[in-house]
Amino acid sequence: MYYYSTRDKNRNNKLTASDAILKGLARDGGLFVPDHLPSLDSSLSVDMPYGRFAATVLRPFFEGDELEGDLEEICSAAFDFPIPLNKLSNSTVLELFHGPTSAFKDFGARFLAFSMEKLLVRHDRKLCILVATSGDTGGAVAAAFHNRKNLSVKVLFPKGRVAKRQKRQLTCWDGNISSYEVEGSFDDCQKMVKDAFVDPHYSASLSSANSINLGRLLPQMVYYVYASMVYEKENGKKPVIVIPSGNVGNSTGAYWAMSMGAPIERIVLAVNANRTIPDYLESGEYRPRPSVKTLANAMDVGAPSNMERLFSLYPTYEEVKEHLSAASVSDDEIRETIRKVYTQDGYIMCPHTACGERVRERLLDGKDNVLLVSTAHPAKFETIVEPLIGTEVPLPPALKSLLDRPVSYKEIPADYHRLFD
Ligand SMILES: *Cc1c(COP(=O)(O)O)cnc(C)c1O
């Protein structure tokens, strides 16, 4: 199996999975996609341990790659937490938040970290990962890369712009993880990373772990294969999957899973007030734009980067229209939905998951086969959720143990040289 950049229309430059993972972004600025989507292996069974299940789904994507024989070991180590399906009165919730940082990004970040570690140790190489973060991504990456051999991470976050609990998750590390509070905005942090990447003094030993990395996308396909198979087995029908979406990396995983033959009836995207995708589906004109701030802040994306991968899967507007549905949810609707679900089911949703539930209610009410994806634990967004439901959200044990760790970070001006002092 080889990978091509979405912008390499004549497919001149092919890479193996490992090369694509270590590289991150293609040199032409595009995103890596596989040369074809294979069919699911007929031996696949949800009774397998999840590590073996994941390795079986992923094996064809690593055919001929040096990680092919390591997949089961990597997957068993990376996915060592449960993936429950939880039945509510109107839907089944797929809870993707049982990893160390209580959000679905743990799947991608951990698979990437364990894969990179394997490759670097084997080739006696070292890499430093730079991450600029305004919240969730930095925490998941730091947690996943902590104590991984031959890897170090520098996390940059803007002073005064990240929530208190988020800041603790960015700064509770030691060893190979360093955190930097930058006197500047998130854009300044991103610029520092970009500047460091093009400085020949540092660039050779630097890499990124951002959400467009193939190593983060592939594992996000696996849980859709798994969850749809479990759902079909338990309910005798295929689910319609509703996915709270921002950069659409999570949903691209679902589209790849469906294309491989996973039992999925349809995929529906829920977005917040950032309406780029629903507007495109309505008008046929794709217009990325600056993001607007919402309560579901991990989905505040106006130019969803993985759309390039979906356009490569569905090259015409007609095909996109056939496969994509999307609807936008306002902050008021997020608040209303969190309250309503708590009253109805005693279940607490994070603001992102609430977008999904609202879209289910609007587009799919009455359908009895909805699988709603929950992307984060509500305790991560307690300042929004707790006043709405009038009670405290208990912290999951993994998150509590992170928040209890001692904090350390350096305060620096917005100058990338200071990262290497
Ligand atoms: C990142 C994130 C999303 C959006 O996922 P994409 O892959 O960017 O579409 C949704 N919810 C939460 C909690 C997230 O952290």
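These numbers were taken from a predicted model, which means no experiment stands behind them. (Residues numbered from 1 in each chain as written. Predicted model: local features only at pLDDT ≥ 70, side-chain atom pairs only at ≥ 80, totals over all residues. Heavy atoms only, no water.)

Asks: What should I look at first to understand the pairing of strand E9 (residues 240–244) in this one?
Replies: Where a strand is regular, its side chains alternate between the two sheet faces. A large share of E9 lies buried, amounting to five of its five residues. Side chains of E9 alternate between two faces, with Val240, Val242 and Pro244 and Ile241 and Ile243 buried alike. Summarising the sheet, E9 and strand E10 (residues 266–271) pair through five bridges and their orientation is parallel. Across the sheet, Val242 pairs through a bridge with Val268, a residue of E10. Taken together, E9, helix H9 (residues 249–259) and E10 form a β-α-β motif whose crossover is right-handed. Both E9 and strand E12 (residues 370–374) contribute to a ladder of three bridges, which runs parallel. Its bridge partner being in E12, Ile241 is matched across the sheet by Leu371. (Buried < 20%, exposed > 50% of the residue type's maximum accessible area, 1.4 Å probe, protein only. Helix = DSSP H or I, 4+ residues; strand = E, 2+ residues; numbered from the N terminus. Pairing = 2+ DSSP bridges. Right-handed = clockwise from strand over helix to strand, strands pointing away.)

Asks: Just to check I follow, could you spell out the site of the ligand for this structure?
Replies: As a matter of local geometry, the ligand sits amid 14 residues, with Lys105, Gly246, Asn247, Val248 and Thr375 nearest to it. The separation between an oxygen atom of the ligand and a polar main-chain atom of Asn247 is 2.8 Å. Between the ligand and Gly249, the relevant distance is 3.1 Å, taken from an oxygen atom to a main-chain nitrogen or oxygen of the residue. In isolation the ligand exposes 380 Å². Once the protein is present, 96% of that is buried. (Near = heavy atom within 4 Å. Polar contact = N/O pair within 3.5 Å; in protein donor to acceptor, adjacent residues only side chain to side chain. Areas by Shrake-Rupley, 256 points an atom, 1.4 Å probe, with all protein chains shown as cover.)

Asks: How should I be thinking about the packing of aromatic side chains in this particular structure?
Replies: To describe a pair of aromatic rings, you give the distance between the ring centres and the angle between the ring planes. In the structure shown here, the tally under the stated rule is 18 aromatic pairs. Summarising the aromatic geometry, the rings of Tyr50 and Phe79 are spaced 5.8 Å apart at their centres and angled 75° between planes, so their arrangement reads as edge-to-face. A residue pair is termed long-range when its members are at least 10 positions apart, and Tyr50 in helix H2 (residues 50–58) and Phe79 in the loop between helix H3 (71–78) and strand E3 (85–87) qualify at 29 residues. You can call Tyr50 buried: its relative accessible area is 13%. Looking at Phe79, the relative accessible area reads 5%, which means it is buried. Feature note: the residues Tyr50, Phe53, Phe62, Phe79, Phe81, Phe107, Phe111, Tyr223, Tyr224 and Tyr226 constitute an aromatic cluster, connected by ring pairs. It is Lys14 that lies over the ring of Tyr2; its NZ or CZ is 4.3 Å from the centre. (Phe/Tyr/Trp six-rings, centres within 6.5 Å; stacked < 30°, edge-to-face > 60°. Lys NZ or Arg CZ within 6 Å of the ring centre and 35° of its normal.)

Asks: Can you walk me through the environment of Tyr409 in this structure?
Replies: Relative to the elements of secondary structure, Tyr409 occurs in the loop between helix H16 (397–403) and strand E13 (410–413). Separated by 231 residues in the primary sequence, Tyr409 and Ser178 place their C-alpha atoms 6.8 Å from one another. At a separation of 3.0 Å, a polar atom in the side chain of Tyr409 contacts the side chain of Lys167.

Asks: Teacher, can you tell me more about the pairing of E12 here?
Replies: Where burial is concerned, most of E12 is hidden: five out of the five residues are buried. Alternating positions in E12 separate into two faces, Val370, Leu372 and Ser374 on one and Leu371 and Val373 on the other, with burial throughout. As defined by bridge partners, strand E4 (residues 92–95) adjoins E12 across four bridges and the pair is classed as parallel. From the neighbouring strand, Val93 faces E12, where its bridge partner is Leu372.

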